[in-house]
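Each chain, letter by letter, is given below.
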Amino acid sequence: MQYSLPNLTYSYGGTALGHLPDGRYVFGECGNLYLQDAWNSSFYTPFSTEPSFIDPSFIAIWDGTFGVIGAGGAGYSELYAFNPGNTASLFSNVGTNYNFQGALLDAGSILVNGASWTQPTNTIYYMTLDGATNKLVLDGVSLYSAGMTLDGSGNLYVADNDDGSVYKFTPLQLDAAITGAPLTLASGQFVHDFGDGGNVGSIAVDGLGRIWTAGWNQEGLKVYNPSLDQEFSYTPALANANYKVATFSSGGTNYVAYLNQADPGHSGTAQTYGFDLADLYAIPEPGTLALMGLAGLIVGIRTWLQNRNS
């Protein structure tokens, strides 16, 4: 499904996407914030009280009543807590940091990442939303900012924009880094190489642990299925490289969602939200499955013959 969003307010304006537990999206762009009226609906309602000058970098939603939005920008900027399910919500400043991307660990703490002219490499910080702690937990990720996300078990997935690789860090590793020395990429588990740093600016993990990516150097989306150790591509009807990716679950079903801009460099151009069943694009096509099954059958027959003749 694809739905039209408000046109881009100004060229190269920031956009962000989050989902409520019921599947509704919260969409931010160029200082404006919108809530989908109902899941799988083309209608949306603008928030009426968002702070001025938010060029949203991320929207992280913990539950139906609590989320955090990053104000974006090239360096330190504000993070605001709000009620994502209420378009009249108040917004509360909960600190400042680099915030290219953000992921809530719980209702009181968040991981944020980013790089800028004053911070030459992309790093990840742990922040408590009461302002008590702001600590480096992962150092020297990549030269430029890239995607990061948490899965449902609290594992952190970090993209290296230098080469397109993705690494995984466990909750135990994060806990140790929050109280002790920062992690490095060498501390993590290498998961997959997507082949180019320009395609991991946005990443998400679905309910079955499959990693989805999007970026300026990749048309559409890519997905890596660790259970098959295979990578697949998914290009919706919008054949360009202007995507941001997200995942959500509704009614026990896993979905992949995306934002798309027709032309980020020109104000007034179209923006689109879409979603689809994640399972349709993270498994081999039927013909591929048949070939895999045939290959397995041949290997099985060969093994049986070898055992029979030995």
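Look a little higher up for the structure.
In this report, the structure presented in the accompanying data block is examined. Just so it is clear, the structure is predicted and the values come from calculations on it, not from any experiment.

## A word on the overall build of the protein chain
- Of the regular secondary structure elements, the protein chain holds two helices and 24 strands.
- Computed over its C-alpha atoms, the radius of gyration of the protein chain comes to 20 Å, within 12% of the 19 Å expected for a compact globule of 310 residues.
- A principal-axis box enclosing the C-alpha atoms of the protein chain has dimensions of 75 × 45 × 35 Å.
- Here the protein chain holds 310 residues, and the buried ones make up 50% of them.
- Of the contacts made within the protein chain by residues no fewer than 6 positions apart, 45% connect residues no fewer than 24 positions apart.
- Surface exposure of the protein chain reaches about 13,700 Å², of which carbon and sulfur atoms provide 55%.
- The centroid of the 8 positive side-chain charges in the protein chain is displaced by 14 Å from the centroid of its 25 negative side-chain charges.

## A word on the sheet that holds strand 22 (residues 243–250)
- Here four strands make up an open sheet; going across it, the order is 1-24-23-22 and the pairing antiparallel. The open sheet is flanked by strand 1 (2–5) and strand 22, the only strands paired with a single partner. Here the average twist between neighbouring strands, direction ignored, is 20°.
- As paired strands, strand 1 and strand 24 (residues 271–277) are joined by four bridges and run antiparallel to one another. Looking at the pairing, Ser4 lines up with Thr272 of strand 24.

## Quick word on the pairing of strand 18 (residues 202–205)
- Alternating positions in strand 18 separate into two faces, Ser202 and Ala204 on one and Ile203 and Val205 on the other, with burial throughout.
- The pairing of strand 18 with strand 19 (residues 211–215) spans four bridges and is antiparallel. Opposite Ile203, over in strand 19, you have Thr213 as the bridge partner.

## A short note on the sheet that holds strand 9 (residues 92–97)
- The strand order across the open sheet built from four strands is 6-7-8-9, with neighbouring strands paired in antiparallel fashion. Unpaired on one side and paired on the other, strand 6 (59–63) and strand 9 mark the two borders of the sheet. Strand-to-strand twist in this sheet, taken as the mean axis angle between neighbours without regard to direction, amounts to 20°.

## Digging into the environment of Ile178
- If you trace the backbone, Ile178 turns up in helix 1 (residues 171–179).
- Ile178 sits 100 residues away from Glu78 along the chain, and the two C-alpha atoms are 21 Å apart.
- Setting aside its immediate chain neighbours within four residues, Ile178 contacts Leu105, Tyr126, Lys135 and Val137.

## A look at the nonpolar core
- Residues Leu111, Ile124, Val137, Leu138, Leu156, Val158 and Phe169 are the most contacted members of the largest nonpolar core, which totals 18 residues.
- Secondary-structure elements contributing two or more residues to this core are strand 12 (122–128), strand 13 (134–142), strand 14 (148–150), strand 15 (156–160), strand 16 (165–169) and helix 1.

## A few points about the packing of aromatic side chains
- Across all of its chains, the model carries 17 aromatic pairs by this definition.
- For the pair Phe248 and Tyr255, a centre-to-centre distance of 5.1 Å together with 15° between the ring planes defines the contact as stacked.
- The class for Tyr255 is buried, based on a relative accessible area of 10%.
- Ring centres 5.6 Å apart and planes at 75° place the aromatic pair Tyr255 and Phe275 in the edge-to-face group. Here the residue Tyr255 occupies a position in strand 23 (residues 253–261), and Phe275 occupies one in strand 24, the gap between them amounting to 20 residues.

About the criteria used
Residues numbered from 1 in each chain as written. Predicted model: local features only at pLDDT ≥ 70, side-chain atom pairs only at ≥ 80, totals over all residues. Heavy atoms only, no water. Helix = DSSP H or I, 4+ residues; strand = E, 2+ residues; numbered from the N terminus. Rg over C-alpha atoms; globule rule 2.2 N^0.38 Å. Buried < 20%, exposed > 50% of the residue type's maximum accessible area, 1.4 Å probe, protein only. Contact = heavy atoms within 4.5 Å. Areas by Shrake-Rupley, 256 points an atom, 1.4 Å probe, with all protein chains shown as cover. Lys, Arg positive; Asp, Glu negative; His and termini not counted. Charge placed at Lys NZ, Arg CZ, Asp CG, Glu CD. Pairing = 2+ DSSP bridges. Axes fitted to C-alpha atoms, helices over the stretch in contact; angles between N-to-C directions. Core = buried A, V, L, I, M, F, W, Y, C linked by side-chain atoms within 4.5 Å. Phe/Tyr/Trp six-rings, centres within 6.5 Å; stacked < 30°, edge-to-face > 60°.

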